[in-house]
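Below, each chain spelled out in residue letters.
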Amino acid sequence: MPTIPKAAQAPLDAGAGADRMLLIETFVRIVDAGSLSAAAQQLGSTQPTISRRLQALERSLGVRLLQRSTHAMNLTDDGVRCYDRAKDLIASWQSFESTVRGANDEPAGTLRVVAPHAFGQQQFVTPLAEYLARYPRMNVEWSLHDRPPQFIADGIDCAIQVGLPPDPDVVAVRLGEVPRIVVAAPALLGGGPVPQHPRELGALPWVALRMFYRDEVTLAHAQSGATETFPIAPRLSTDGLYAVRTAAVLGVGAGIVSAWAVADELADGRLVQLAPAWRAAPLPVYLVYPPARFYPARLRRFIEIMRAGVPHTLLGASPPV
């Protein structure tokens, strides 16, 4: 019988009885997160516990995986080899679990999602609520901001993005598109008729949503597809959709907004649609996530529900021509 090395006989996690897979997953999370404290936060644990798991894995393998100093943490040569193999091992283990439990395995745990600030407060909450109702063992961390997602550093499973994804390396699932229209308060028109053609809009004061337009606007006719481009001189420039809507209601200027965001204001007359037969280019909506060999059930089920639910949410707000 071969002799077992002393390192392999060491306890895997003192006082915790953690298995090797937990230690390997913890090591990968430390590397991906960039620090012990960040890994602890993502795993809902403490830094001392994460440190003990790392030490237990190093003792078990008989090698040093990370070289730590006051200001930096770097993989050793053994750590680099271990990291690459550990990611493959985790993917294989997850695939094994999925096969054993069956394709219809009910997801459990926590899904971390980033959504755009404006859309994430309203448009995407309905399919999100359906996901939680259908899978009662799931919890969701629903973060709202418009910054590009940092999947590894922030422990994000997926993100919803409006507009083309800036990162070509992510997997991008198109969910639908957002109709956009031109609106203004009736008072801005001074009692005159509602402009019907884009050429009548350039002389108006404007509110610019600077992620999508700043000093020039292009509109397309909903039926013919003909386009008209004209310059604007914004009185207010902002990066907030709700700020554009509010400023338009207050008569600051005309603005281009997502149709769903002004449905109530159009219905009660606080806003009117300008050049109603014309639209700004619709914004595509994507669900994005990092590529992997295996995707857990919690993510697969979320993608299914969002693909089915989001198009109805966006298209249902499309204004009449």
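An account of the accompanying structure is given in this report. Worth saying up front: this structure is predicted, and the values here are computed from it rather than measured.

**Concerning the pattern of salt bridges**
Step number 1: A complete count under the given rule lists 10 salt bridges for this structure.
Step number 2: Taking the shortest distance from any N to any O, the salt bridge between Asp268 and Arg270 comes out at 2.9 Å.
Step number 3: The class of Asp268 is partly exposed, set by a relative accessible area of 46%.
Step number 4: Exposure remark for Arg270: the relative accessible area of 39% places this residue in the partly exposed category.
Step number 5: Connected through salt bridges with shared partners, the residues Arg245, Glu265, Asp268 and Arg270 form a single ionic network.

**Here's the deal with the pairing of strand 8 (residues 216–221)**
Step number 1: Pairing of strand 8 with strand 9 (residues 227–231) involves five bridges; the strand directions are antiparallel. Among the inter-strand pairings, Val217 is bridged to a residue of strand 9, identified as Phe230.
Step number 2: What sits between strand 8 and strand 9 in their antiparallel hairpin is a turn of five residues, with Gly225 showing a positive phi close to 80°.
Step number 3: Here three bridges tie strand 8 to strand 13 (residues 278–289), and the two strands are oriented antiparallel to one another. If you follow His221 over to strand 13, its bridge partner there is Trp278.

**Regarding the side chain of Asp157**
Step number 1: Considering the arrangement of structural elements, one finds Asp157 in the loop between helix 7 (151–154) and strand 5 (158–162).
Step number 2: Looking at Asp157, its side chain comes within polar contact range of the main-chain nitrogen of Arg112, at 2.8 Å.
Step number 3: At a separation of 3.2 Å, a polar atom in the side chain of Asp157 contacts the side chain of Arg298.
Step number 4: When residues no more than four places from it in sequence are discounted, the contact partners of Asp157 are Thr110, Leu111, Arg112, Phe151, Tyr289, Pro290, Arg298 and Leu299.

**So, the nonpolar core**
Step number 1: Counting residues in hydrophobic clusters, the biggest one holds 59 residues, and the most contacted among them are Leu201, Trp206, Tyr213, Leu219 and Phe302.
Step number 2: The element contributing the most residues to this core is strand 6 (residues 171–184), with seven residues.
Step number 3: Excluding residues that lie within four positions of it along the chain, Tyr213 makes contacts with Trp206, Val207, Ala208, Ile232, Val244, Gly255 and Ile256.
Step number 4: Judged by nonpolar contacts, the second largest core, of 21 residues, contains Ala56, Leu57, Cys82 and Ile90.

**As for unusual backbone geometry**
Step number 1: Even without glycine at this site, Ala275 takes up a positive phi of about 45°.
Step number 2: Topologically, Ala275 is positioned in the loop between strand 12 (272–274) and strand 13.

**Some points on the packing of aromatic side chains**
Step number 1: Throughout the structure, instances matching the rule amount to seven aromatic pairs.
Step number 2: Between Tyr131 and Phe302, the ring centres sit 5.2 Å apart and the planes meet at 85°, which makes this aromatic pair edge-to-face. Of the two residues, Tyr131 is situated in helix 6 (residues 125–134) and Phe302 in helix 10 (residues 297–315); the sequence distance between them amounts to 171 residues. The same class applies to Tyr131 as to Phe302, namely buried.
Step number 3: Feature note: the residues Phe119, Phe124 and Trp260 constitute an aromatic cluster, connected by ring pairs.

The rules behind the values
Residues numbered from 1 in each chain as written. Predicted model: local features only at pLDDT ≥ 70, side-chain atom pairs only at ≥ 80, totals over all residues. Heavy atoms only, no water. Salt bridge = Lys/Arg side-chain N within 4 Å of Asp/Glu carboxyl O. Buried < 20%, exposed > 50% of the residue type's maximum accessible area, 1.4 Å probe, protein only. Pairing = 2+ DSSP bridges. Helix = DSSP H or I, 4+ residues; strand = E, 2+ residues; numbered from the N terminus. Polar contact = N/O pair within 3.5 Å; in protein donor to acceptor, adjacent residues only side chain to side chain. Contact = heavy atoms within 4.5 Å. Core = buried A, V, L, I, M, F, W, Y, C linked by side-chain atoms within 4.5 Å. Phe/Tyr/Trp six-rings, centres within 6.5 Å; stacked < 30°, edge-to-face > 60°.

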